[in-house]
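Residues per chain, in single letters:
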Amino acid sequence: MQTIAKALTIAGSDSGGGAGIQADLKTFHQLGVYGMSAITAITAQNTLGVAGVYPLPTEAVSHQMREVLRDLGADAAKTGMLFDAAIIKAVSEEIRTFGLKKLVVDPVMIAKGGAKLLLDEAIAALKTDLLPLAEVVTPNLPEAECMTGMEIRTPEEMREGARAIHALGARNVLMKGGHLEGDTVVDILFDGTNFYELAHERIQTRHTHGTGCTFSAALTAELAKNTPLVGAVEKANRFIFEAIKTAPQIGGGHGPTNHWAVVE
Ligand SMILES: Nc1ncnc2c1ncn2[C@@H]1O[C@H](COP(=O)(O)OP(=O)(O)OP(=O)(O)O)[C@@H](O)[C@H]1O
Ligand SMILES: Cc1ncc(COP(=O)(O)O)c(N)n1
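Position numbers for residues start from 1 in each chain and track the written sequence from start to end. All chains are assigned letters beginning with A, and all ligands numbers beginning with 1, in the order in which they are written. Two thresholds apply to this predicted model, a pLDDT of at least 70 for residue-level local features and 80 or more for giving and counting side-chain atom pairs, whereas whole-chain, interface and lining totals are computed over all residues. Excluding hydrogens and water, the side-chain figures rest on all heavy atoms present in the structure.

Colleague: Can you tell me about the UniProt feature "domain: Pyridoxamine kinase/Phosphomethylpyrimidine kinase" (unreviewed entry) in the chain, naming the residues and giving the values?
Modeller: Using the residue numbers shown here, the UniProt feature "domain: Pyridoxamine kinase/Phosphomethylpyrimidine kinase" (unreviewed entry) corresponds to residues 14-258. Measuring from the first to the last C-alpha atom of residues 14-258 gives 16 Å, for a span that is 40% helix and 19% strand. UniProt positions are given in the numbering used here, feature names are shortened, and annotations may be inferred rather than shown by experiment. Only DSSP runs of H or I covering at least 4 residues are called helices, and only runs of E covering at least 2 are called strands; the numbering of each starts at the N terminus.

Colleague: For the site of ligand 1, give the residues involved together with the corresponding values.
Modeller: Throughout this document, a residue counts as near a molecule or strand when at least one of its heavy atoms sits within 4 Å of that molecule or strand. Every one of the 20 residues lining ligand 1 counts as a neighbour, but K112, H179, D187, T211 and G212 are closest to it. Each polar contact in these results corresponds to two N or O atoms within 3.5 Å; when the atoms are within protein, one needs to be able to donate a hydrogen and the other to accept it, and residues that are neighboring in sequence are counted only if both atoms are side-chain atoms. Here an oxygen atom of ligand 1 and a backbone polar atom of G210 are 3.4 Å apart. Contacts to ligand 1 include T211, whose side-chain N or O atom sits 2.8 Å from an oxygen atom. About the coverage of ligand 1: the protein hides 94% of its 620 Å² of free accessible area. Of all the secondary structure elements, the ones that give two or more residues to the shell around ligand 1 are strand 8 (184-190), strand 9 (195-201), helix 7 (211-224) and helix 8 (229-245). Among the elements that make up the shell around ligand 1, the one with the highest residue count is helix 7 (four residues). Of the residues contributing to the shell around ligand 1, the split by class is six nonpolar, nine polar and five charged. Only the protein chains shown count as covering a residue, and every accessible area follows the Shrake-Rupley method with a 1.4 Å probe. Only Asp, Glu, Lys and Arg are considered charged, only Ala, Val, Leu, Ile, Met, Phe, Trp, Tyr, Cys and Pro nonpolar, and every remaining residue, Gly among them, polar.

Colleague: Residue-level account of the site of ligand 2, with values.
Modeller: For ligand 2, the set of nearby residues contains 14 residues, the closest of which are Q45, K112, H209, G210 and C213. With respect to ligand 2, the side chain of Q45 contributes an N or O atom lying 2.9 Å from a nitrogen atom. Between an oxygen atom of ligand 2 and a side-chain N or O atom of H209, the distance comes to 3.4 Å. The protein chains hide 93% of the 360 Å² of surface that ligand 2 would expose on its own. No other element matches the three residues that strand 1 (residues 6-14) contributes to the shell around ligand 2. Class assignment of the residues belonging to the shell around ligand 2 gives a composition of six nonpolar, six polar and two charged.

Colleague: Go over the pairing of strand 4 (residues 76-79), please, and point to the residues and values.
Modeller: Alternating positions in strand 4 separate into two faces, A76 and K78 on one and A77 and T79 on the other, with burial throughout. As defined by bridge partners, strand 1 adjoins strand 4 across four bridges and the pair is classed as parallel. In the sheet register, I10 faces strand 4, and the bridge partner there is T79. Pairs of strands are assigned from DSSP output, requiring at least two bridges between the strands. Judged from the three bridges that link them, strand 4 and strand 5 (residues 103-105) form a sheet pairing that is parallel. Bridge pairing links K78 to V104 in strand 5. In this region the chain leaves strand 4, passes through helix 3 (residues 85-97) and returns to the parallel neighbour strand 5; the handedness of that crossover is right-handed. Remark: exposure states derive from per-residue accessible area (1.4 Å probe, protein chains only) relative to the maximum for the residue type, with buried under 20%, exposed over 50%, and partly exposed in between. Here the term right-handed applies to a crossover when the path leading from its first strand over the helix to its second strand runs clockwise, the strands being oriented away from the viewer.

Colleague: Explain a nonpolar patch on the surface to me, using residue names and the numbers behind them.
Modeller: Each patch is built from residues that are more than 30% exposed by relative accessible area and take part in no salt bridge. Like charges join if they lie within 9 Å; nonpolar side chains (Val, Leu, Ile, Met, Phe, Trp, Tyr) join within 5 Å. Take a side-chain nitrogen of Lys or Arg and a carboxyl oxygen of Asp or Glu: if they are within 4 Å of each other, that pair is a salt bridge. A cluster of nonpolar residues, I4, Y34 and L72, forms a patch on the protein surface that exposes about 270 Å² of accessible area. With respect to the helices, strands and loops of the structure, Y34 is situated in strand 2 (residues 34-46).

Colleague: Which residues make up the pattern of salt bridges, and what are the values?
Modeller: According to the stated counting rule, one finds 16 salt bridges in the structure shown. E197 serves as the salt-bridge partner of R159, at 2.0 Å between the closest nitrogen and oxygen. Here the residue R159 occupies a position in helix 6 (residues 155-166), and E197 occupies one in strand 9, the gap between them amounting to 38 residues. Looking at R159, the relative accessible area reads 18%, which means it is buried. The exposure class assigned to E197 is partly exposed, which follows from its relative accessible area of 45%.

Colleague: Can you break down helix 3 residue by residue, with the values?
Modeller: Since one α-helical turn is 3.6 residues long, residues separated by three or four positions face the same way. A helix is expected to reach a length of 1.5 Å times the quantity of its residues less one. Helix length check: helix 3, at 13 residues, gives a terminal C-alpha distance of 18 Å against a target of 18 Å (1.5 Å per residue), a fit within 8%. The contact criterion used throughout is that any non-hydrogen atoms of two residues lie within 4.5 Å. Considering only its buried residues, helix 3 is in contact with strand 1, strand 2, helix 2 (58-71), strand 4, strand 5 and helix 4 (123-130). Its side-chain oxygen placed 3.3 Å from the backbone nitrogen of A86, D84 serves as the N-cap of helix 3. Looking one or two residues past helix 3, G99 carries a phi angle of roughly 65°, positive in sign.

Following this line, the structure appears as structure tokens:
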């Protein structure tokens, strides 16, 4: 029996099912990867927004990670919503202790509806404690601006922002272009030397809840299966495009993507 690839998501719970650990586990499963989770916070949310945020005690997060990693282990892991500096520091310590190398850091800061999912005081910890552990960090444009203090609104500024974030210690930087103006969406991967640009048409829809989570979960799943980074990014890009294009159109606000999307 071929050994199943395993991935761990360290992220918040989205009661609406479209983002957070729910999106991650559905995406891992759809891509043939066994998914495990360490929940950092509980959110009461739906497609209209986040109505409540309930962070877990730091030890509860560390304890979940230790129990999973000491028994099952993980071929790859991702971080999503981490909420505060104490959780970031605790998560970083467990990642170092268990030597997790294939780590995708999705620097979740603000939900689409505007709710704060990362306290301002935690930005410094994200940059100093977590980024240096990342195989790849996947900021959207506002998150990249927050981490660099730069204005990042064009592909050229995305490339400059990627250089600045790479200098913070992440081995690779994947700048997500969903917030770009215009009819083309460009994601840009920087590996410290080369830029890889993945452009596709913008799908005109409001149903883009959890696109960043789903994208980074697909990337994590591919890394767990030993797909090389550029190929993993290309697959994740195809997956999220298909997931948005075939979104189930549910909820009165920003609906979720289709986690049953099928891509080669
Ligand atoms: N309308 C769209 N049409 C096509 N691709 C899109 C669209 N919106 C986002 N994407 C793609 O989805 C992925 C996520 O990008 P985005 O910038 O939306 O991340 P995000 O803001 O972190 O998402 P979220 O906040 O919803 O989790 C990227 O690969 C991007 O190219
Ligand atoms: C628990 C959790 N994690 C991440 C997001 C970001 O998703 P979005 O930016 O689409 O609101 C979210 N809304 N909830």
